[in-house]
Amino acid sequence: MTAKPRPLSVLRLLLVFGFVFPVYWAIASSFAPEARLFDVPPVVPTDVTVDHYRALFEERQFWLPMRNSLVVAGSTTALAIVVGTLAAYALTRLRFRGRTLVLAGVLAVSMLPQVSLVPPLYLALRAGGLINSYTGLVLPYLSFALPLSIWLLVGYLRQLPAEVEDAALIDGASRLQALWHIVLPLAWPGVATAAILTFLYCWNEFLFALSFTLGPERYTAPVAIALFRGRYQVPWGEILAAAVVTTLPVVAVVVAFERRIVEGLTAGAMKG
Amino acid sequence: MSIGLDRITKVFANGRVAVRDVALEIADGELLVLVGPSGCGKSTVLRLVAGLEAPTSGRILIDGRDMTGVPPHARDLAMVFQSYALYPHKTVAENLAFGLRMRAVDRAVIDERVRAVAAALRIEQVLDQKPSQLSGGQRQRVALGRAIVREPRAFLLDEPLSNLDPQLRFDTRAELGHLHRRLRATMIHVTHDQEEAMTLGDRIAVMRDGSVEQVAAPLEVYERPANRFVAAFVGSPSMNLLDVTVVPGAGGRPMVKGPGLSIEAPSMDLEARSTLVLGVRPRDIAIVAPGRGDALARIDLVEPLGHEVVVRARLDEGRGPGITIVVGDGQGRAPAEAVGLQFRRDRFHLFDAGSGARIM
């Protein structure tokens with residue numbers, strides 16, 4: 001603890017300012033009347049109004065894209081974590097032919113530029129009658145969510161002590177029981193991290209959602225916000241209000257999981 | 001429970017041969033110690049018996065039945081790991097109970113057995129704590145307790161004492177001996193510590209580079225090592241191994257000659273001019289006046305240990321190879337002093353210079 005200002009802390013302040021200021025600006029502006037949106041400097045809130053939020057939910061029915069986003073991102077994350085954990089476990093602990101090939105394949109799939117996947121996925125989804133459906137978004141989302149979660153979880157599971165699991169197997173647990181009783185509780189921080197990142201990725205996804213939905217009843221939040229823009233005007237106030245509303249579930253998810261990511265969970269298993 | 005390894009070979013995916021054609025029979029209730037330098041494959045043998053690894057060829061027999069492909073949980077063995085491998089997210093009580101829960105034992109029985117084992121191992125007061133809160137000795141006892149509580153018919157112990165400090169190791173070693181006598185369970189104990197092997201085992205199996213070099217009772221291994229490697233590995237300080245040649249001596253009796261060393265061969269039927277390795281344990285050499293005895297040497301270093309003195313010397317008046325002698329007391333011996341060495345005739349070991357196999 002020193003009172004002397006150091007160059008490092010100045011840099012830190014600048015960094016914090018750089019990150020925090022846009023967020024502050026968005027929140028402050030979303031509560032500001034239309035006429036004051038372009039004030040310079042834009043910071044001081046004097047007359048607060050909730051007009052933008054009212055318009056957002058009453059005229060634009062923003063709860064609909066929010067619900068769509070929650071359903072799609074939530075189901076994708078749940079599926080990606082369940083399948084991803086099982087896959088990552090098999091890839092780290094079981095020995096089978098072509099294991100590295102699978103791992104490389106998983107990585108290769110996630111290398112493809114997203115936009116190159118749109119036409120084939122569109123044709124496939126149309127053939128399956130899945131355009132403009134939740135399933136029609138969850139399935140394509142899994143194409144990036146699964147590689148992401150598998151790679152994160154493989155990295156995490158690899159550093160868990162294998163002997164603890166061996167001990168469980170000898171204690172009479174089957175592979176699945178060892179996974180459930182021993183590996184998962186220890187891998188929880190890794191699973192939570194993978195869940196957060198997958199959810200964020202799905203929540204912010206724009207291209208697939210724009211390409212595979214046809215109307216407001218299935219638009220996700222990012223698509224809906226992008227389409228707020230009218231022919232003659234851009235409703236900045238409502239866009240900013242929507243941005244604030246859209247951020248809230250993400251913050252909730254991060255806070256919910258972050259608490260569980262306790263460091264040193266594996267302490268004491270080994271000789272120390 | 002008897003355990004048999006029938007010509008087991010294990011080659012890892014990277015091509016390393018960890019276990020080479022090992023055949024072992026462990027009788028019901030026997031304590032066999034697998035001993036050898038690190039990397040000799042002894043832990044792999046244990047993992048093969050446990051079912052954590054599958055052999056590349058050969059069979060694992062339990063009570064005479066082929067169990068080679070049977071998963072670990074169906075073998076009814078318990079294992080104590082070198083790292084202890086406790087479940088870090090579970091309390092000590094839950095750690096102990098886990099194996100019984102997996103086997104769907106009645107809850108009341110579990111509680112009773114956990115309490116009994118905790119009392120026997122003096123860990124009752126830490127039952128509610130997590131492994132991270134325990135001392136090394138307590139963790140070791142929990143690991144042991146987790147094996148005992150299941151009342152398995154065989155124990156596999158993978159260097160369970162190596163992470164304890166010397167005093168604790170000494171005590172726990174004695175406890176392990178008691179435990180074996182009390183439970184009458186079959187045990188395979190892996191260690192790199194030859195002293196631990198000597199004190200604990202009914203028999204010891206000495207391993208090197210994936211092969212078993214000798215299986216015998218501890219004293220047999222000490223007194224009649226099967227080859228040069230076992231001779232050097234078992235016993236502390238190590239046996240002295242000297243390159244010698246056999247020459248015809250006066251009166252037709254062959255002589256064993258080395259640098260600064262000339263001894264009447266203990267047997268007549270040694271081929272003249274053959275090169276051999278002579279093994280003499282440090283405690284089988286006496287220090288005598290220079291010019292007497294079998295060899296001349298010059299003292300390098302005197303290490304008094306209290307109950308005995310380790311003397312390091314060089315043969316051939318300081319020009320030859322080093323030799324270690326252990327005597328009851330130093331009797332004023334000092335470095336640079338020239339001495340004679342008298343070897344005990346009945347404690348000679350002779351090994352083939354090429355193969356290292358015991359000749360006599």
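Participant: Kindly report on helix α1 (residues 42–50) of chain B, identifying the contributing residues and their values.
Facilitator: Residues and elements named next belong to chain B. Burial analysis of α1 places nine of its nine residues in the buried class, which makes it a mostly covered element. Where α1 is concerned, the buried positions are K42, S43, T44, V45, L46, R47, L48, V49 and A50. Taken from the residues just after α1, G51 is the one with a positive phi, measuring 95°.

Participant: Summarise the interface of chain A and chain B; cite the residues concerned and give the values.
Facilitator: Taken together, the 23 residues of chain A in the interface contact 24 residues of chain B. At the level of secondary structure, the elements contributing two or more residues to the side of chain A that touches chain B comprise α7 (162–170) and α8 (175–204) of chain A. No other element matches the six residues that α7(A) contributes to the side of chain A that touches chain B. Taken together, the residues of the side of chain A that touches chain B sort by class into 13 nonpolar, six polar and four charged.

Participant: Break down the sheet that holds strand β2 (residues 17–26) of chain B for me, citing the residues and quoting the values.
Facilitator: Residues and elements named next belong to chain B. One open sheet holds the four strands; their spatial order is β2-β1-β4-β5, and the pairing between them is antiparallel. Unpaired on one side and paired on the other, β2 and β5 (65–66) mark the two borders of the sheet. Pairing between strand β1 (residues 3–11) and strand β4 (residues 57–62): five bridges, direction antiparallel. Considered in β4, the bridge of I3 is made with I62. Relative to the sheet, α1 contacts β1, β2 and β4, its axis offset from that of β2 by approximately 65°.

Participant: Explain the sheet that holds strand β9 (residues 203–208) of chain B residue by residue, including any values.
Facilitator: Residue and element names in this part refer to chain B. Overall, mixed pairing links the six strands, which are arranged β6-β7-β8-β3-β9-β10 in an open sheet. The open sheet terminates on both sides in strands that have one partner only, identified here as β6 (77–80) and β10 (211–216). With strand direction ignored, the average angle separating the axes of adjacent strands in the sheet is 15°. Where β6 lies against strand β7 (residues 154–158), four bridges are found, and the strand directions are parallel. Bridge pairing in β7 places L77 opposite A154.

Participant: Now, about the domain arrangement of chain A: what can you tell me, with residues and values included?
Facilitator: Residue and element names in this part refer to chain A. Domain annotation for chain A reports domain 1 (7–49) and domain 2 (60–258). Placing a centre on the C-alpha atoms of domain 1 and another on those of domain 2 gives a separation of 32 Å. Contact with domain 1, which involves six residues of that partner, is made by six residues of domain 2. Within the side of domain 1 that touches domain 2, the residues separate by chemical class into three nonpolar, two polar and one charged.

Participant: Describe the confidence of the model for chain B, listing the residues and the values that go with them.
Facilitator: The predicted coordinates should not be examined in detail at positions where pLDDT is low. Per-residue confidence for chain B averages 89 on the pLDDT scale, and 99% of its residues sit at or above 70. In the model output, the complex is listed with pTM 0.79 alongside ipTM 0.83.

Participant: Could you give me a rundown of helix α5 (residues 114–127) of chain A, with the residues and numbers involved?
Facilitator: Residues and elements named next belong to chain A. With 14 residues, α5 extends 20 Å between its outermost C-alpha atoms, agreeing within 8% with the 20 Å of an ideal straight helix rising 1.5 Å per residue. Bending of α5 peaks at approximately 30° at the position of P120. At the exit of α5 stands G129, carrying a positive phi of roughly 65°.

Participant: Now, about the packing of α8(A) against helix α11 (residues 236–258) of chain A: what can you tell me, with residues and values included?
Facilitator: All names here are of chain A. Close contact between α8 and α11 brings their axes to 10 Å; oriented N to C, the two are set at 175°. Overall, the two elements α8 and α11 adopt an arrangement that is roughly antiparallel. In this structure, α8 contributes A192, A195, I196, F199, L200 and W203 to the contact, and α11 contributes V250, V253, V254 and F257. Classifying every residue of the contact of α8 with α11 gives 10 nonpolar, no polar and no charged.

Participant: With reference to specific residues and values, describe the nonpolar core.
Facilitator: Counting 152 residues, the largest nonpolar core has L34(B), V49(B), M79(B), L156(B), I188(B) and V206(B) as its most contacted members. In contact with L34(B), other than residues within four places in its own chain, are K42(B), V45(B), I188(B), V190(B), A205(B) and M207(B).

Participant: So what's going on with the domain arrangement of chain B? Residues and values would help.
Facilitator: Residues and elements named next belong to chain B. In terms of domains, chain B is made up of domain 1 (3–233) and domain 2 (240–352). Its C-alpha centre places domain 1 at a distance of 40 Å from the equivalent point of domain 2. The interface is formed by five residues belonging to domain 1 together with five residues belonging to domain 2. Among the residues making up the side of domain 1 that touches domain 2, the classes are represented as three nonpolar, one polar and one charged.

Participant: How would you sum up the environment of E303(B)? Please name residues and give values.
Facilitator: Residue and element names in this part refer to chain B. Mapped onto the elements, E303 comes out in strand β16 (residues 295–304). Given 13 C-beta atoms within a 10 Å radius, E303 is considered partly exposed. Here the alpha-carbon distance between E303 and V326, two residues 23 residues apart in the chain, equals 9.4 Å. Those residues in contact with E303, other than ones at most four positions away along the chain, are V309 and V310.

Calculation rules
- Residues numbered from 1 in each chain as written.
- Chains lettered and ligands numbered in written order.
- Predicted model: local features only at pLDDT ≥ 70, side-chain atom pairs only at ≥ 80, totals over all residues.
- Buried ≥ 20, exposed ≤ 12 C-beta atoms within 10 Å, placed from the backbone.
- Helix = DSSP H or I, 4+ residues; strand = E, 2+ residues; numbered from the N terminus.
- Contact = placed C-beta atoms within 7 Å.
- Nonpolar A, V, L, I, M, F, W, Y, C, P; charged D, E, K, R; others polar.
- Pairing = 2+ DSSP bridges.
- Axes fitted to C-alpha atoms, helices over the stretch in contact; angles between N-to-C directions.
- Domains from an automatic or database assignment.
- pLDDT = per-residue confidence, 0-100.
- Expected span 1.5 Å × (residues − 1).
- Bend = angle between axes of the 7 residues up to and from the residue.
- Parallel < 35°, antiparallel > 145°, perpendicular 65-115°, else oblique.
- Core = buried A, V, L, I, M, F, W, Y, C linked by C-beta atoms within 7 Å.

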